[in-house]
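# Fold and geometry: a report
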Amino acid sequence: MEKQPQEVVLVGAGIMSATLSILLKKINPAIKISVFEKLDKIGFESSDAFNNAGTGHSAFCELNYTPMDKNGVVNIDKAINIAKQFETSKEFWSYLVENNYVSSPEKFLRPTPHMSFVWGDDDVNFLKKRYEKLSQHPLFKDMEYSDDVSKIKEWAPLIVDGRKGNEKVAATHMNLGTDVNFGELTRQIFKGLQDKKEITLETEHEVKDLTRLSNGKWAVKVKDLKSGNNKALNADFVFIGAGGGAILLLQKSGIPESKKFGGFPVGGQWLICQNEEVIKKHHAKVYGKAKIGAPPMSVPHLDTRVIDGKQSLLFGPFATFSTKFLKYGSNCDLFKSVNLGNVGFLMNCGLNNIDLTKYLVEQVMLSKAKKVESLQEYFPEAKLEDWFEQTAGQRVQVIEKQDGKGVLKFGTEIVTSQDGTMSALLGASPGASTSVSAMLNLMKQCFPDLMKNNWNEAIKEMIPSYGEDLAQAELVEASRARTTKVLKILD
């Protein structure tokens, strides 16, 4: 007899839980899904617009996805993999638009060119090599490269105006880039699910504990934060998609897999400009190279953003420190996560990453004036009075125990119990942009029997390229022709 979960609990009403809800209901409409969100609103932690970069991470501009080795060889494998996953996300979002799960796509996605920008001989050489390799792949064939200041000025005048005439610069440009408001997308998906009565969602409800029962189910203890009452329900499967808070609940579950993970919180802060005279001169996401010792989430970028109908320029992120694991979390989060089982490899990781520790300390000490000096590397004529500081989201840098040592894990990690009854999402970028692929991989691990029944047929209805290789030019063109039109990506 096939194992078909009937009761599913999703912790956290973010983009991952929203995506998983749709996928599960399309594979088995009979599944009962309960979603619990600690806040009184949906999508206001990691998914919220100001709490992440909003970049549709497609590897068009993110230089940390294409490392160069000591021999000068640029590796583009990660960039191609992430680009494929973002195309999968766009196909899925197009399905949601076509099937009335979300309303007008322009409310959550806006066309915004993606650029990489560097200066100095070494970095210009790197960018050219990166462009030469990427542009040969169908996913990047429309990428443009220039080291001509006049051409770069056409793309983004702010980054060249006021720059020294003899400074060597270079940029790449992809017109197909996007800016995504993942908070708005999350809220629209959950509204669509609720309107169709396909899930139960309760805000101001905090999952306090998870206990494995003898029959293999999970007892989920939930507190109603308004009334103060507790309730319990049993679930065949639990997904912990609670952003930085996922690691604490994962530890409470007691599954063996949880014992090899720990985390260190890293916050973010933006510089924001709302001077219309400045804003109207810049329409792009411009990414540079991270400083030595900086985590990938701290790659500097100067972005056009439209949030809640208001256009702004954002620069950053700058690292901040708090012991909270969530923006609206507790100051005790970090201390709660440290125990006798993980304190050794956590300390080992800290000792082996002195550069990162030094970088974080320097970032925390930066004054606003010093932050504007960093901005002036990308926007030479930036004025202190045009910019203000705003707190971004809180992330937990995942640390995994490997051979007795603590190893920093960059990117998005899915931790799943051996029997597939529990899964948790840890980590950061590319995160939300690759949420569809992440949740498909989770379902393969956790619901192998469920996938036997019309799996490919149901998924291909939502994601036409599913199971095929997006390295084929014809497939890329067909996929983009549809998603560009449905999502209104190009004007």
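Look up a bit, the structure's there.
Because the structure is a prediction, the values reported are computed rather than measured.

### Quick look at helix H6 (residues 246-253)
Here H6 lies mainly inside the structure; seven of its eight residues are buried. Among all positions of H6, only Ala 246, Ile 247, Leu 248, Leu 249, Leu 250, Gln 251 and Ser 253 are buried. Immediately downstream of H6, the backbone of Gly 254 shows phi near 75°, a positive value.

### Looking at the pattern of salt bridges
Where side chains of opposite charge bring their charged atoms close, a pairing between them can arise. Scanning the entire structure with this criterion turns up 25 salt bridges. The partner of Lys 141 in a salt bridge is Asp 142, and the shortest N-O contact between them spans 3.3 Å. By relative accessible area, Asp 142 is classed as partly exposed at 47%. Note that Arg 163 and Glu 167 form a salt bridge whose closest N and O atoms lie 3.4 Å from each other. With relative accessibility at 27%, the residue Glu 167 sits in the partly exposed group. Among the charged side chains, a salt-bridge network with shared partners connects Asp 179, Lys 285, Asp 303 and Arg 305.

### Some thoughts on the sheet that holds strand E16 (residues 310-320)
Taken in spatial order, the nine strands of this open sheet run E5-E6-E4-E14-E15-E16-E13-E17-E18, and their pairing is mixed. A single partner strand is all that each edge strand has here, and the edge strands are strand E5 (144-146) and strand E18 (405-409). Neighbour-to-neighbour, the strand axes of the sheet open up by a mean angle of 30°, direction not taken into account. Pairing between strand E15 (residues 301-307) and E16: seven bridges, direction antiparallel. The partner of Val 306 across the bridge, within E16, is Gln 311.

### Overview of the packing of aromatic side chains
For any pair of aromatic rings, the description rests on two quantities: the centre-to-centre distance and the angle between the ring planes. The full count for this structure, using the stated rule, is twelve aromatic pairs. Ring centres of Trp 119 and Tyr 378 lie 5.2 Å apart, and the angle between their planes is 75°; on these two criteria the pair is classed as edge-to-face. Of this pair, Trp 119 sits in strand E4 (residues 114-119) while Tyr 378 sits in the loop between helix H11 (368-375) and strand E17 (387-402), and the two are 259 residues apart along the sequence. Clustering of aromatic rings is evident, with ring pairs tying together Phe 117, Trp 119, Phe 315, Phe 318 and Tyr 378. Positioned above the aromatic ring of Tyr 101, the side-chain terminus of Lys 196 is 4.7 Å from the ring centre.

### Structural notes on unusual backbone geometry
Apart from glycine, the bulk of residues carry a negative phi angle, and the bulk of peptide bonds sit in the trans form. Look at the link from Gly 316 to Pro 317: it is a cis peptide, with omega at 0°. Here Pro 317 is to be found in strand E16. Despite not being glycine, Asp 403 has its phi angle at roughly 55°, a positive value. Within the secondary structure, Asp 403 is located in the loop between E17 and E18.

### Concerning the packing of helix H1 (residues 15-27) against helix H2 (residues 77-98)
Contact geometry of H1 with H2 gives a least axis separation of 12 Å together with a crossing angle of 70°. Between H1 and H2, the crossing angle belongs to the class labelled roughly perpendicular. In contact with Thr 19, Ile 22, Leu 23 and Lys 26 of H1, H2 contributes Phe 92, Tyr 95 and Leu 96. Across the contact of H1 with H2, the residue classes tally to five nonpolar, one polar and one charged.

### So, the side chain of Asn 342
Tracing the chain through its elements places Asn 342 in the loop between helix H8 (333-337) and helix H9 (343-351). A polar atom in the side chain of Asn 342 sits 2.9 Å from the backbone nitrogen of Asn 339. If near-sequence neighbours (up to four positions away) are discounted, Asn 342 is found in contact with Gln 251, Phe 261 and Ser 337.

### Some thoughts on the sheet that holds strand E10 (residues 218-224)
As a general point, the strands of a sheet are linked pairwise by backbone hydrogen bonds and lie either parallel or antiparallel. Ordered by their spatial adjacency, three strands build an open sheet running E9-E10-E11, and the pairing between neighbours is antiparallel. Of all the strands in the sheet, just strand E9 (205-212) and strand E11 (230-235) have a single pairing partner and so form its edges. For this sheet, the mean inter-axis angle between neighbouring strands, taken without regard to orientation, is 25°. Bridge count between E9 and E10: seven bridges; the pairing is antiparallel. Bridging across to E10, Val 207 finds its partner in Val 222.

Cut-offs applied
- Residues numbered from 1 in each chain as written.
- Predicted model: local features only at pLDDT ≥ 70, side-chain atom pairs only at ≥ 80, totals over all residues.
- Heavy atoms only, no water.
- Buried < 20%, exposed > 50% of the residue type's maximum accessible area, 1.4 Å probe, protein only.
- Helix = DSSP H or I, 4+ residues; strand = E, 2+ residues; numbered from the N terminus.
- Salt bridge = Lys/Arg side-chain N within 4 Å of Asp/Glu carboxyl O.
- Pairing = 2+ DSSP bridges.
- Axes fitted to C-alpha atoms, helices over the stretch in contact; angles between N-to-C directions.
- Phe/Tyr/Trp six-rings, centres within 6.5 Å; stacked < 30°, edge-to-face > 60°.
- Lys NZ or Arg CZ within 6 Å of the ring centre and 35° of its normal.
- Parallel < 35°, antiparallel > 145°, perpendicular 65-115°, else oblique.
- Contact = heavy atoms within 4.5 Å.
- Nonpolar A, V, L, I, M, F, W, Y, C, P; charged D, E, K, R; others polar.
- Polar contact = N/O pair within 3.5 Å; in protein donor to acceptor, adjacent residues only side chain to side chain.

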